[in-house]
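Residues per chain are reported as follows:
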Amino acid sequence: MQFSQEDFEKAKEQVNLLQDEPSDDIKLKLYALYKQATVGSCNIPKPSMLDFVNKAKWDAWNSLGSMTPDNARQSYIELVSSLVPTETSPVNEIPPGSKSIYETLEVTIKDNITKIILNRPKRKNAINVKMYNEIMKALEEAANDDSAIAVLTGNGDYYCSGNDLNNFTQVSPGGMEESAKNSAEMLKKFVQHFIDFPKPLIAMVNGPAVGISVTLLGLFDIVYATDQATFHTPFSNLGQSPEGCSSYTFPKIMGLTKATEMLLFNKKLTAAEACSQGLVTEVFPDSTFQKEVWARLKAYANLPKKTLTVSKQLIRNMEKEKLYEVNSQECECLMERWLSEECMNAVMSFIQKKSKL
Amino acid sequence: MQFSQEDFEKAKEQVNLLQDEPSDDIKLKLYALYKQATVGSCNIPKPSMLDFVNKAKWDAWNSLGSMTPDNARQSYIELVSSLVPTETSPVNEIPPGSKSIYETLEVTIKDNITKIILNRPKRKNAINVKMYNEIMKALEEAANDDSAIAVLTGNGDYYCSGNDLNNFTQVSPGGMEESAKNSAEMLKKFVQHFIDFPKPLIAMVNGPAVGISVTLLGLFDIVYATDQATFHTPFSNLGQSPEGCSSYTFPKIMGLTKATEMLLFNKKLTAAEACSQGLVTEVFPDSTFQKEVWARLKAYANLPKKTLTVSKQLIRNMEKEKLYEVNSQECECLMERWLSEECMNAVMSFIQKKSKL
Amino acid sequence: MQFSQEDFEKAKEQVNLLQDEPSDDIKLKLYALYKQATVGSCNIPKPSMLDFVNKAKWDAWNSLGSMTPDNARQSYIELVSSLVPTETSPVNEIPPGSKSIYETLEVTIKDNITKIILNRPKRKNAINVKMYNEIMKALEEAANDDSAIAVLTGNGDYYCSGNDLNNFTQVSPGGMEESAKNSAEMLKKFVQHFIDFPKPLIAMVNGPAVGISVTLLGLFDIVYATDQATFHTPFSNLGQSPEGCSSYTFPKIMGLTKATEMLLFNKKLTAAEACSQGLVTEVFPDSTFQKEVWARLKAYANLPKKTLTVSKQLIRNMEKEKLYEVNSQECECLMERWLSEECMNAVMSFIQKKSKL
C-alpha cells in the first residue's frame with residue numbers, strides 16, 4: 001500500500017478546499033470510494049426510482065462491488081490529487097486589473113460596452129443557481145449604466161454548457177413539487193430579464209453552447225460565433241421541454257421544421273448550420289474571432305446611443321406581450337415535465353451513464 | 001377490320017372492371033370513341049360554358065370530327081386493352097402481410113411509428129373524396145394509438161398529385177353552389193385534422209408533390225424529401241386561391257416574396273430549393289432515401305413519447321387559433337373562386353388541354 | 001482673370017435654369033462661393049446647432065476662409081458651367097411616346113402591367129415631397145386601373161437613394177415641431193398606400209437602394225434585383241429609427257439578428273446577400289435583367305386577374321391591422337427622433353461631410 005490513513009484524511013480535507021466544484025460524475029466517484037473505504041461494500045437498500053439523488057449515489061457505491069477498503073482509499077487519494085493540480089492553473093482570460101463583485105461572472109465596462117463573461121470555465125460555464133442570480137443582477141446593472149450595448153460571452157473553451165444538472169439534485173425541504181415550482185419561477189424571472197433588456201444585446205459564442213444558453217439566443221439582437229461553436233438542445237433526451245422562449249423564437253427564426261429537429265429531436269448544429277438557419281448572425285474563424293468581433297462591436301458602440309435603444313425597442317416591443325406569455329407557458333410545461341416519471345428516468349439514466357468509469 | 005362487335009362489347013365490360021379509375025383524359029377519350037362508334041359524329045348542341053363536365057365531353061366527342069364508327073370502335077378496343085395489362089402489375093411497395101381496412105391508404109403501426117401510405121399509385125396518389133375521408137380517419141386513429149410519431153408518404157413514383165380533379169366533375173343534385181359549399185366544408189375539416197394532430201407528424205416526400213399535398217407541408221413538424229421530389233402549387237393557373245393554411249405558413253416559412261412566387265405565380269421548386277427555403281427539412285439521395293430516413297425516424301420514435309407530444313404542442317398550440325381562422329378564410333375564399341367564371345374557364349381549359357391526344 | 005462680371009451674372013442665371021436640382025453639397029458650394037464673391041469672407045455670427053440649415057450654409061461659407069472674391073467668382077462660374085452640359089444628355093430610358101402627367105415619375109400601362117418609374121435620375125431618384133405625393137397618386141390609380149400587377153422601378157443607375165435630405169431643410173413656418181409632425185404624417189400616409197395596395201406589387205431594383213426604398217421592400221410581393229443592386233439603411237448613422245414597417249417585416253423576413261445588423265448597425269447588403277436573406281426574391285445578371293424580368297412579368301400578368309388579387313389579399317390581409325399599428329409606431333418614434341439633439345447633430349455632421357470639397 002502506497003498511501004497512509006493520514007494521506008486519506010488529507011485528501012478528504014483537500015476535497016473541501018477545491019477552488020471549483022467537481023463535476024457530477026467525479027462527485028459520485030468520490031462519494032462511492034469514500035463509502036467503500038470507510039464502510040466497505042454497499043450495504044443499504046436500493047432507494048426508490050423517484051429519489052434520484054440517493055439512487056445515483058447508491059448506484060455509484062454499489063458499482064464498486066467488493067473492492068477492498070484499502071484499494072478504495074488509494075483510488076480516492078489518487079482521484080483527489082488528480083483534481084488538485086488543475087486548481088493552480090491560471091484562469092488567464094480575465095484581465096488581472098478588473099474588480100469583480102461577482103462570483104460566477106466577470107463584468108467590465110469599457111468603450112461604451114458592458115461585457116458580461118460567464119466565468120466557471122472548469123464547469124464549462126454551466127449555470128448554477130448562483131450564476132442565474134448573478135446574470136440577472138448584471139443585466140439589471142447593464143440596463144442602467146452608461147454603455148451603448150451589452151455583450152455576453154464565456155471564459156475558456158465553452159460558451160456555456162447550459163443548466164448545471166447539480167441544480168436538479170438540490171431538493172428543497174418542501175420536496176420535489178416545491179423544488180420544481182421554485183426552479184420554474186427562477187427560470188421564468190431569468191428569461192424575463194432577457195426579454196426586457198432595453199439595449200442591443202450581443203452574444204459572442206466562443207465555443208460549444210448547450211441547452212438554455214442556446215434557446216436564449218433567440219432573444220439576443222446579434223449573435224456572433226466562432227467556427228468552433230456548436231449548438232445543442234438535447235431536451236427530449238432528458239424528458240424535458242424547450243424554454244427561453246425558443247418554442248416561439250426558433251420556429252420564427254428557422255422555420256418550424258428545422259426548429260423541431262433541434263427542440264424535439266436533439267439535432268446538434270455546427271456554427272455554419274446555425275448561421276444558415278438564422279440563429280447565428282455571422283461566423284468567424286476561431287483564430288481571428290476575438291479581434292474581428294471586438295473591432296466591429298466598438299464601431300457599433302459609437303453610434304448614437306439613444307437611437308440604438310429606441311430602434312431596438314421598436315423592433316422588440318411589439319412582441320413583448322407574446323414573449324411573456326410564451327415564457328410562462330414554457331415554464332409551466334417544464335415544471336410538469338420535471339415532476340413526470342419520464343423526466344426523472346431520463347435524467348437518472350443520464351447521470352448514471354456519466355458516473356460510469 | 002381486325003376487331004369484331006364482340007370485341008367491342010367485351011372492351012366495354014373490361015372498362016367497368018378496371019381495378020383503378022382511369023385518368024380524366026383517358027375517360028374523355030373512352031367516352032368520345034364510344035359515342036363515335038355507336039352514334040357517329042357529334043350531333044348534339046354545344047353545352048354552355050358553365051356546364052363544364054358536359055362541355056368537356058362534348059369537346060372530346062366533337063374533336064373526333066368525321067371519324068368512322070368502325071375506326072372509333074377499333075380505337076376504343078385498343079385503348080381499353082392498353083389499360084388492362086397494367087392492372088395486373090403488382091403494387092409491390094405494400095408489405096404483403098399488412099391488413100388494411102382502407103381502400104385508398106395503407107396504414108401500419110410498428111416501432112412506435114404509425115405509417116400512413118397514400119395508395120392510389122396509378123392515379124399518382126391524387127386525393128379523391130374517399131381518400132380525403134380515409135386520411136381524416138387514419139389521423140384520428142394515429143392520434144389515439146400508442147405510437148410516438150406519425151409518418152405520411154406515398155406509394156409509387158409520386159408523393160401526391162393533389163386534389164383529384166374528378167372531384168370537380170361530381171356536381172351534387174343541389175347544383176354548383178351546393179357542390180362548392182360541400183367541397184369547402186370537407187376541405188376545412190380535412191385541414192383541421194392536420195392542425196389538430198397532437199403528435200410529431202412527419203412527411204416523407206418520395207416524389208413529386210402537387211397542390212394541397214404541398215400546402216399542407218407547412219403543418220408538418222418534419223419534412224424529409226428525396227432529391228427526386230418537386231413542389232408545385234399551380235393554383236392561379238386554375239383560377240384558384242391557396243389552401244392548407246399556406247397563405248399563413250408559407251410566408252412564415254420562406255418569406256412573403258418567395259411564398260408569392262409559389263402561391264400566386266406557380267413557381268415549381270426542386271427539392272434542393274424547397275429545402276433552402278425551409279419548406280423541406282432535409283433532402284436525401286433517392287437511392288438511400290428510405291434507408292436513411294427510416295433509421296432516423298426509428299431513433300426519434302424511441303425518445304420519451306409524452307415529452308415529444310408536450311413539446312410539439314408547446315410549439316404549435318400558440319398559433320392554433322390563428323390557423324383555424326386562416327383555414328376558414330381560405331376555404332371561404334376558395335368556395336367563391338370555384339363559383340367564379342375565371343375558375344370555371346381555367347379548369348375547363350386545363351381539362352380540354354389534357355384530353356387532347 | 002479669365003472670367004468677367006458678365007460671365008458671373010450669366011452663371012447666376014444658369015443656376016436658376018438648371019433642369020435638375022443640384023445635390024445638397026453642390027448647392028452649399030454654390031452658396032458659399034456666391035457669398036465669398038459678393039460679400040467676401042464669412043462675417044456673420046455662427047448660427048445655433050439646432051438651426052441646421054443656416055449652420056450648414058455658414059460652415060460652407062466659413063470654410064472658404066480668406067479666398068479672394070475674384071477667385072470665388074471664378075470658381076462659381078466654373079462650377080456652374082460644369083453643371084450645365086450634363087443637363088443636355090438625353091434621359092434615354094423613358095419611351096418617347098409616353099404621356100406623363102407626373103413630374104417625378106413616368107407611369108405607363110401596357111400588357112396588363114402598370115409600370116411606375118422613379119424619374120429623378122440626376123438626384124439618384126431621391127424622394128422629395130413632390131415624389132412622395134406622386135407615388136401615392138400613382139398607386140391609387142394603379143389600384144383601380146385594368147392592369148393585373150404593378151411594377152416599381154427607377155430610371156438611371158440608381159433604384160432610389162431614399163428620402164431626399166432636402167426635405168429636412170425645409171422647415172415650415174410653424175417651426176421644427178410642426179415640420180416634424182407634418183413629415184411624420186406624410187410618411188405614415190405614404191407607407192399606408194403600400195400596405196393597402198390590392199394587386200401584386202413588384203419591385204424591379206435596377207441599382208443601389210437606400211433608406212425608405214429598402215425598408216418598403218418588405219411590403220412588396222415580389223422583389224427582383226440586378227446583381228448591381230445594393231441595400232443600405234444607414235438610419236443609426238443619422239440618429240434615426242427604421243420606417244416602412246421594416247421593424248416588423250425585416251425580422252419576419254430575415255430573422256431578428258440579421259434585421260438588427262441592417263436596421264441598427266447600418267450593414268449594407270449586396271444583391272446576393274439580400275436574396276439569401278429573403279429580402280430579394282431573385283437576382284439577375286445586370287446585362288439580362290430587363291429582358292429576363294419583363295418576360296417573366298408578362299407571363300404573370302396573363303394569369304387570371306381576379307385570382308391574383310384575391311390570393312394576394314388572402315396572404316396580406318391577415319397582417320394588415322398589425323402593419324397599420326407598426327406604421328403608426330414607427331412614425332411616432334421617428335418624429336421624436338427628428339426633434340432629438342442626437343438626430344440633429346448626426347444629420348448636421350452628415351451634410352457637413354458631404355459639403356466638404
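None of the values given here were measured: they were computed from a predicted structure. (Residues numbered from 1 in each chain as written. Chains lettered and ligands numbered in written order. Predicted model: local features only at pLDDT ≥ 70, side-chain atom pairs only at ≥ 80, totals over all residues.)

Attention shifts here to the interface of chain A and chain B. Across the contact, 28 residues belong to chain A and 20 residues belong to chain B. Elements represented by at least two residues in the side of chain A that touches chain B include exactly α9 (246–254), α10 (256–263), α14 (320–338) and α15 (341–355) of chain A. Counting residues per element, the side of chain A that touches chain B draws most heavily on α10(A), which supplies seven residues. Tallied by class, residues from the side of chain A that touches chain B come to twelve nonpolar, eleven polar and five charged. (Contact = placed C-beta atoms within 7 Å. Helix = DSSP H or I, 4+ residues; strand = E, 2+ residues; numbered from the N terminus. Nonpolar A, V, L, I, M, F, W, Y, C, P; charged D, E, K, R; others polar.)

Moving on to the environment of T104(B). All names here are of chain B. Following the sequence through the fold, T104 ends up in the loop between α4 (69–83) and β1 (105–110). The exposure class of T104 is buried, given the 22 C-beta atoms found within 10 Å. C-alpha separation for the pair T104 and E9, spaced 95 residues apart in sequence, amounts to 30 Å. Among all residues touching T104, those that are not within four sequence positions of it are N119, R120, K130, M131 and E134. (Buried ≥ 20, exposed ≤ 12 C-beta atoms within 10 Å, placed from the backbone.)

Residue and element names in this part refer to chain A. Within the open sheet, the six strands sit side by side as β1-β2-β3-β4-β6-β9. Their pairing is mixed. Both outer strands of the open sheet, β1 (105–110) and β9 (282–284), are each paired with one neighbouring strand and no more. Sheet twist, expressed as the average angle between the axes of neighbouring strands with direction ignored, equals 20°. Judged from the six bridges that link them, β1 and strand β2 (residues 113–118) form a sheet pairing that is antiparallel. Residue L105 lies in a different strand from β2, and its bridge partner there is L118. (Pairing = 2+ DSSP bridges. Axes fitted to C-alpha atoms, helices over the stretch in contact; angles between N-to-C directions.)

Moving on, we come to the interface of chain B and chain C. Across the boundary between the two partners, chain B contributes 28 residues, which contact 20 residues of chain C. Per-element accounting of the side of chain B that touches chain C gives the leading share, seven residues, to helix α10 (residues 256–263) of chain B. Tallied by class, residues from the side of chain B that touches chain C come to twelve nonpolar, eleven polar and five charged.

Residue and element names in this part refer to chain A. Across its 21 residues, helix α7 (residues 176–196) extends 30 Å between first and last C-alpha, which sits within 8% of the 30 Å expected from 1.5 Å per residue. Turning to α7, its buried residues are S179, A180, S183, A184, L187, F190, V191 and F194. One face of α7 carries all of its buried residues, which in axial projection span an arc of 130°. Set apart from the buried face of α7 by more than 90 degrees, the exposed residues are E177, E178 and E185. (Expected span 1.5 Å × (residues − 1). Arc of directions from axis to C-beta.)

Okay, the relation of the copies chain A and chain B next. One copy of the chain maps onto the second through a rotation around an axis plus a translation along that axis. Note on the identical chains: chain A maps onto chain B by a rotation of 120° and an axial translation of 0.1 Å, with an RMSD of 0.1 Å. Each copy turns onto its partner about a three-fold axis. Ranked by how close their C-alpha atoms come to the rotation axis, the residues of chain A are headed by K252(A), at 4.2 Å. (Least-squares fit on C-alpha atoms with pLDDT ≥ 70 in both.)

Here we come to the domain arrangement of chain A. Domain assignment breaks chain A into domain 1 (5–83) and domain 2 (105–355). The C-alpha centroid of domain 2 of chain A is placed 34 Å from the C-alpha centroid of domain 1 of chain A. (Domains from an automatic or database assignment.)

Glancing now at the environment of S287(B). Its location among the elements puts S287(B) in the loop between β9 (282–284) and α12 (289–301). Separated by 170 residues in the primary sequence, S287(B) and I117(B) have C-alpha atoms spaced 19 Å apart.

A word on the sheet that holds strand β5 (residues 209–210) of chain C. Residue and element names in this part refer to chain C. One open sheet accounts for three strands, arranged β5-β7-β8; its pairing is mixed. Each having just a single partner strand, β5 and β8 (269–270) make up the two edges of the open sheet. Two elements, β5 and strand β7 (residues 230–232), share two bridges in a ladder whose sense is parallel. Within β7, the residue paired with V210 across the bridge is H232.

All names here are of chain A. In this model, chain A carries an average pLDDT of 87, and 89% of its residues clear a pLDDT of 70 or more. Within the model, the stretch residues 86–94 combines pLDDT values under 50 with ten contacts to residues more than four positions away or in other chains. Across the whole predicted complex the pTM is 0.76, and at the interface the ipTM reaches 0.73. (pLDDT = per-residue confidence, 0-100.)

All names here are of chain B. When you tally the buried positions in strand β4 (residues 201–205), you get five out of five residues, the bulk of the element. Strand direction decides the pairing type here: strand β3 (residues 149–154) and β4, joined by four bridges, are parallel. Residue A150 lies in a different strand from β4, and its bridge partner there is L201. Note: β4 against strand β6 (residues 222–226), four bridges, orientation parallel. Paired with A203 across the two strands is V223, which belongs to β6.

Residues and elements named next belong to chain A. Positive phi values are uncommon outside glycine, yet N125 reaches one of about 55°. As for its position among the elements, N125 is in the loop between β2 and α5 (129–144). Unusually for a residue other than glycine, N266 sits at a positive phi of about 65°. One can find N266 in the loop between α10 and β8 (269–270). Residue N266 is classed as partly exposed on the basis of its 17 C-beta neighbours within 10 Å.

Looking now at the pairing of strand β2 (residues 113–118) of chain C. All names here are of chain C. With five of six residues buried, β2 lies mostly within the body of the structure. If you look at the hairpin formed by strand β1 (residues 105–110) and β2, you'll find two residues sitting between the two strands, and D111 has a positive phi there, around 55°. Both β2 and strand β3 (residues 149–154) contribute to a ladder of six bridges, which runs parallel. Among the inter-strand pairings, T114 is bridged to a residue of β3, identified as A150. Between the parallel pair β2 and β3, the chain is carried across by helix α5 (residues 129–144), and the sense of this crossover is right-handed. (Right-handed = clockwise from strand over helix to strand, strands pointing away.)

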